[in-house]
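Breakdown of the fold
Residues per chain are reported as follows:
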Protein chains: 2
Amino acid sequence: MAGKDSELEKGLHAIVGSFYKYAKDKGGAQALDQAAFQKLLNNELSHQLTDVQSTEAGKDLLKKLDTDKNQLISFEEYWELVALICYAIDGGDWGN
Amino acid sequence: MAGKDSELEKGLHAIVGSFYKYAKDKGGAQALDQAAFQKLLNNELSHQLTDVQSTEAGKDLLKKLDTDKNQLISFEEYWELVALICYAIDGGDWGN
């Protein structure tokens, strides 16, 4: 119980915290609009997602993740991105 | 591109890496047996999951996550735990 958070614990908090660092109140729920999503990609995922650093590529990714087509990324939609990245880190063999 | 990984990037790697730190080859796929799962809970999640630090509580959690009932935690089943913790950190209002 004592001592510092593990890398895993810090990681779990970083995942949730990174969303709220950029999210804004959008009709009652926190979400990322296109500009906020691009900032998150550029500031927090520049090493991991090197191919979506341009605004054009970021817009395409937003479109892919935006399952309810409201032009916003909800925490649930952001979670899909987190899952995709972890899947890629895992070597793509997750679930096989 | 240059510079250090962000907290988010480190976090994503910590999530995947923490599984493989304890997983062993179980019939071709990496998985956590009960002892390995308990070690992960005790060593990496002692601050976040204070109520599953005993072997008994750890066994109950394993049973809950073990959807294919093979007494092992696969990466997919571990991912459910990751999602549950992030949901809890998020305050439980994810998806509402």
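Residues numbered from 1 in each chain as written. Chains lettered and ligands numbered in written order. Predicted model: local features only at pLDDT ≥ 70, side-chain atom pairs only at ≥ 80, totals over all residues. Heavy atoms only, no water.

**With respect to the UniProt feature "domain: EF-hand" (unreviewed entry) in chain A**
Going by this rule: UniProt positions are given in the numbering used here, feature names are shortened, and annotations may be inferred rather than shown by experiment. Secondary structure follows DSSP: runs of H or I at least 4 residues long count as helices, runs of E at least 2 residues long count as strands, and numbering of each begins at the N terminus.
Summarizing the sequence annotation, UniProt attributes the feature "domain: EF-hand" (unreviewed entry) to residues 53-88 of chain A in the numbering used throughout. As a span, residues 53-88 of chain A carries 69% helix and 0% strand, and end to end its C-alpha atoms are 18 Å apart.

**Overview of the packing of aromatic side chains**
How we decide: The aromatic pairing rule takes the rings of Phe, Tyr and Trp, using the six-membered ring of Trp, and pairs them if the centres are within 6.5 Å, calling planes under 30 degrees apart stacked, those over 60 edge-to-face and the rest tilted. Burial classes: relative accessible area under 20% of the type maximum marks a residue as buried, over 50% as exposed, and values in between as partly exposed (1.4 Å probe, protein chains only).
One pass over the full model with this rule turns up eleven aromatic pairs over all chains. For the pair Tyr-20 of chain A and Phe-75 of chain A, a centre-to-centre distance of 6.0 Å together with 15° between the ring planes defines the contact as stacked. Of this pair, Tyr-20 of chain A sits in helix α1 (residues 7-22) while Phe-75 of chain A sits in helix α4 (residues 75-89); the two residues are 55 residues apart in sequence, bridging distant segments of the chain. Relative accessible area serves as the criterion here: at 30%, Tyr-20 of chain A is assigned to the partly exposed category. Ring geometry for Phe-19 of chain B against Phe-75 of chain B: centres 5.2 Å apart, planes inclined by 85°, an arrangement best described as edge-to-face.

**A short note on the interface of chain B and chain A**
For clarity, the cut-off: By definition in these notes, contact holds between two residues if any of their heavy atoms fall within 4.5 Å. Once two parts are brought into contact, the accessible area they lose, counted with a 1.4 Å probe and summed over both, makes up the buried area. Any Lys or Arg side-chain nitrogen found within 4 Å of a carboxyl oxygen on Asp or Glu counts as a salt bridge. Any N or O atom pair separated by 3.5 Å or less is treated as a polar contact, with the protein-specific requirement of one donor-capable and one acceptor-capable atom, and with residues adjacent in sequence counted only for side-chain atom pairs. The residue classification treats Ala, Val, Leu, Ile, Met, Phe, Trp, Tyr, Cys and Pro as nonpolar and Asp, Glu, Lys and Arg as charged. All others, Gly included, are polar.
Counting from both sides, the interface comprises 38 residues of chain B and, opposite them, 38 residues of chain A. Counting the surface lost from both chain B and chain A, the interface buries some 3400 Å², and carbon and sulfur atoms represent 68% of this. Together, Leu-8, His-47 and Trp-79 of chain B form the three largest contributors to the area buried by chain B at its contact with chain A, with a combined 20%. Across the chain B-chain A interface, the total number found is zero salt bridges. The tally of links between chain B and chain A comes to 15 residue pairs in polar contact (both at pLDDT 80 or more). Breaking the side of chain B that touches chain A down by element, the ones donating at least two residues are α1 (7-22), α2 (34-44) and α4 (75-89) of chain B. The element that contributes the greatest number of residues to the side of chain B that touches chain A is α1 of chain B, accounting for eleven residues. Of the residues assigned to the side of chain B that touches chain A, the class counts are 19 nonpolar, eleven polar and eight charged.

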